[in-house]
Amino acid sequence: MKNVGVVGCGLMGAGIAEVSARAGKDVVVAESSPAAVAAGIKRLETSLRRAEERGRITSAAEVLARITVVESLDALADRDLVVEAIVEDEKTKVELFRQLDAVVSSPDAILASNTSSIPIMKLAVATQRPTHVLGVHFFNPVPVLSLVELVPSLLTAPDTTERARSFVEGDLGKHAIDCQDRAGFVVNALLIPFILSAIRMLESGFATAEDIDQGLVQGAAHPQGPLALADLIGLDTTKAVAESLYQEFREQLYAPPPLLARMVEAGLLGRKTGRGFYTY
């Protein structure tokens, strides 16, 4: 797969574009507006410059030259693989997959989703090529974290999964794990209830955010506490994943706490807005 497409140039989309270009791929990223295109290019430039300064790549300019950021899905027509990395909203993703199915010309091209929790089958059946649709879930920050979840639906062809695995492990040098097509897959099905439990503890007044996080860092050797991690993920994304899990399993441990809902309504989304459980 020499030609890679990415839809969305936020934190995740830019990261996927970057690692693909660093692997020598020709990358086209589609965004929704001129402002989003400009922001995406700036995000890529900043990340690649830091990678060059830290000696992880030889030339930021060389990698950036392999990436084109545009405002049109039509530019993805010749791609061998397209990875969707837009907002974690089921209706929006389903509509995008309908559009990608019409735009991407090769019948052998793979349409992949970087969704954190939405069942892949819901996206696959929106297309005329469900055998070529699967989840390829990266983790933030993409250039740093090695894990990728591969999530085939019941209709995904085995060859599609193996081609995706070859790209993830052979080309990108990541570590792939296989997941069933259930909301949350492996990591978020375990992680989100843990984060929600920490939010409920804070909400109840049982402990401060600092003490909750330090308890896990100092007492359980976690690299960061659950509330700081929620800020990194984004509280809107955390809430969306929790809602997807709750919709599928109807278990109380997946239900978003009221505090999380109020913070999202207030626009306190974590690091990306400068304030969440902490101020940045």
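Just so you know, the residues in each chain are numbered from 1, in the order the chain's sequence is written. Note on the predicted model: pLDDT of at least 70 is required for a residue's local features to be given, and 80 or more for side-chain atom pairs to be given and counted; whole-chain, interface and lining totals, by contrast, use all residues. Here the side-chain values reflect all heavy atoms present in the structure, with hydrogen atoms and water set aside.

(A) Summary view of the overall build of the chain. Only runs of H or I of at least four residues qualify as helices and only runs of E of at least two qualify as strands under DSSP, and these elements are numbered from the N terminus. Of the regular secondary structure elements, the chain holds 11 helices and 8 strands. In summary, the chain has a C-alpha radius of gyration of 19 Å against a globular reference of 19 Å for 280 residues, a match within 12%. Across its three principal directions, the C-alpha atoms of the chain cover 55 × 45 × 35 Å. Of the roughly 12,700 Å² of accessible surface on the chain, 53% is carried by carbon and sulfur atoms. Just so you know, the count uses Lys and Arg for positive and Asp and Glu for negative, and it drops His and the chain ends. A single reference atom marks each charge: NZ on Lys, CZ on Arg, CG on Asp, CD on Glu. Taken together, the 27 basic and 35 acidic charged side chains of the chain have centroids lying 2 Å from each other. Here the radius of gyration uses the C-alpha set of atoms, whereas the globule reference equals 2.2 Å times the residue count to the power 0.38. Accessibility throughout is a Shrake-Rupley quantity obtained with a 1.4 Å probe, and a residue counts as covered only by protein chains that appear here.

(B) Focus on helix 2 (residues 34–53). An ideal rise of 1.5 Å per residue puts 28 Å on 20 residues; helix 2 measures up with 29 Å between its terminal C-alpha atoms. Where helix 2 is concerned, the buried positions are Ala36, Val37, Gly40, Leu44, Leu48 and Ala51. The arc enclosing the buried residues of helix 2, seen along the axis, measures out at 100°, which places them on a common side. Exposed and facing more than 90 degrees away from the buried side of helix 2 are Pro34, Ala35, Lys42 and Glu53. Buried positions along helix 2 lie against helix 1 (11–22), helix 3 (60–64) and strand 3 (67–70). Phi turns positive, to about 80°, at Gly55, one or two residues after helix 2. The span one expects for a helix is its residue count, reduced by one, times 1.5 Å. The buried label goes to any residue with under 20% of its type's maximum accessible area, the exposed label to any with over 50%, and the partly exposed label to all in between, with areas taken from a 1.4 Å probe on protein chains only. Directions drawn from the helix axis to the C-beta atoms are what define this arc. By the convention used here, residues are in contact when the closest approach between their heavy atoms is within 4.5 Å.

(C) Local environment of a nonpolar patch on the surface. On the surface, Val125, Leu154 and Leu155 cluster together to form a nonpolar patch covering roughly 340 Å² of accessible area. Mapping Val125 onto the fold places it in the loop between helix 5 (120–124) and strand 6 (133–138). Patches here: salt-bridge-free residues with over 30% relative accessible area, like charges joined within 9 Å, nonpolar side chains (Val, Leu, Ile, Met, Phe, Trp, Tyr) joined within 5 Å. Salt bridges are counted wherever a side-chain nitrogen of Lys or Arg sits within 4 Å of a carboxyl oxygen of Asp or Glu.

(D) Broad picture of the packing of helix 7 (residues 187–203) against helix 10 (residues 235–249). Closest axis-to-axis distance for the helix 7/helix 10 pair is 10 Å, and the angle between their directions is 115°. Between helix 7 and helix 10, the crossing angle belongs to the class labelled roughly perpendicular. Crossing angle aside, the handedness with which helix 7 passes helix 10 is left-handed. Of the residues in helix 10, those touching helix 7 at Asn188, Ala189, Ile192, Ile195 and Leu196 are Thr238, Val241, Ala242 and Leu245. Throughout, the ten residues Ala, Val, Leu, Ile, Met, Phe, Trp, Tyr, Cys and Pro are labelled nonpolar, Asp, Glu, Lys and Arg are labelled charged, and all others, Gly among them, are labelled polar. Counted by class, the contact of helix 7 with helix 10 contains 7 nonpolar, 2 polar and no charged residues. Axis definition: a line fit to C-alpha positions, over the contact stretch in the case of helices; interaxial angles, taken between N-to-C directions, run 0 to 180 degrees. Convention used here: angles under 35 degrees read as roughly parallel, angles over 145 as roughly antiparallel, angles from 65 to 115 as roughly perpendicular, and any remaining angle as oblique. Crossing handedness follows the turn of the near helix against the far one: under a right angle anticlockwise gives a left-handed crossing, and clockwise gives a right-handed one.

(E) Representation of the pattern of salt bridges within the structure. Enumeration according to the criterion identifies 15 salt bridges in this entry. We note a salt bridge from Asp78 to Arg79, for which the minimum N-O separation is 3.0 Å. On the basis of relative accessibility, which here comes to 43%, the residue Asp78 falls in the partly exposed class. Note on Arg79: relative accessible area 3%, which makes it buried. Put simply, Arg165 and Asp178 hold a salt bridge, and the shortest N to O gap is 3.0 Å.

(F) Just the packing of aromatic side chains, in detail. For Phe, Tyr and Trp, where Trp contributes only its six-membered ring, two rings pair if their centres lie within 6.5 Å, and the inter-plane angle classes them as stacked under 30 degrees, edge-to-face over 60, or tilted in between. Scanning all chains against the criterion turns up 1 aromatic pair. Geometrically, the ring pair formed by Phe249 and Tyr254 is tilted, given 5.6 Å between the ring centres and 35° between the ring planes. Exposure remark for Phe249: the relative accessible area of 22% places this residue in the partly exposed category.

(G) Examining the nonpolar core more closely. Formed by 36 residues in total, the largest nonpolar core has its most connected members in Val27, Val29, Val136 and Phe138. Here the element with the most residues in this core is helix 1; it accounts for 6 residues. Once you skip the residues sitting within four places of it in the chain, Val29 turns out to touch Val6, Gly8, Cys9, Ala17, Ile67, Thr68, Val69 and Val70. In plain words, nonpolar cores are sets of buried Ala, Val, Leu, Ile, Met, Phe, Trp, Tyr and Cys residues tied together by side-chain atoms within 4.5 Å.

(H) Representation of the pairing of strand 8 (residues 175–178) in the model. Pairing between strand 7 (residues 147–152) and strand 8: 4 bridges, direction parallel. What sits directly across from Glu149, in strand 8, is Ile177. Note on handedness: a clockwise path from strand one over the helix to strand two, with the strands aimed away from the viewer, defines a right-handed crossover. For the handedness criterion, the β-α-β arrangement of strand 7, helix 6 (residues 158–171) and strand 8 is classed as right-handed. DSSP calls a pair of strands paired once it identifies at least 2 bridges connecting them.

(I) Helix 8 (residues 209–220), seen in detail. Between its terminal C-alpha atoms helix 8 stretches 16 Å, which fits the 16 Å expected from 12 residues at 1.5 Å a residue. Taken residue by residue, helix 8 has Ala209, Ile212 and Asp213 as its buried positions. The arc that holds the buried residues of helix 8, viewed along the axis, is 90°, so those residues lie on one side. Of the exposed residues in helix 8, the ones pointing more than 90 degrees away from its buried face are Asp211, Gln218 and Gly219. Packing partners of the buried residues in helix 8 comprise helix 7 and helix 9 (226–233). Positive backbone phi, at 60°, marks Ala221, one or two positions downstream of helix 8.

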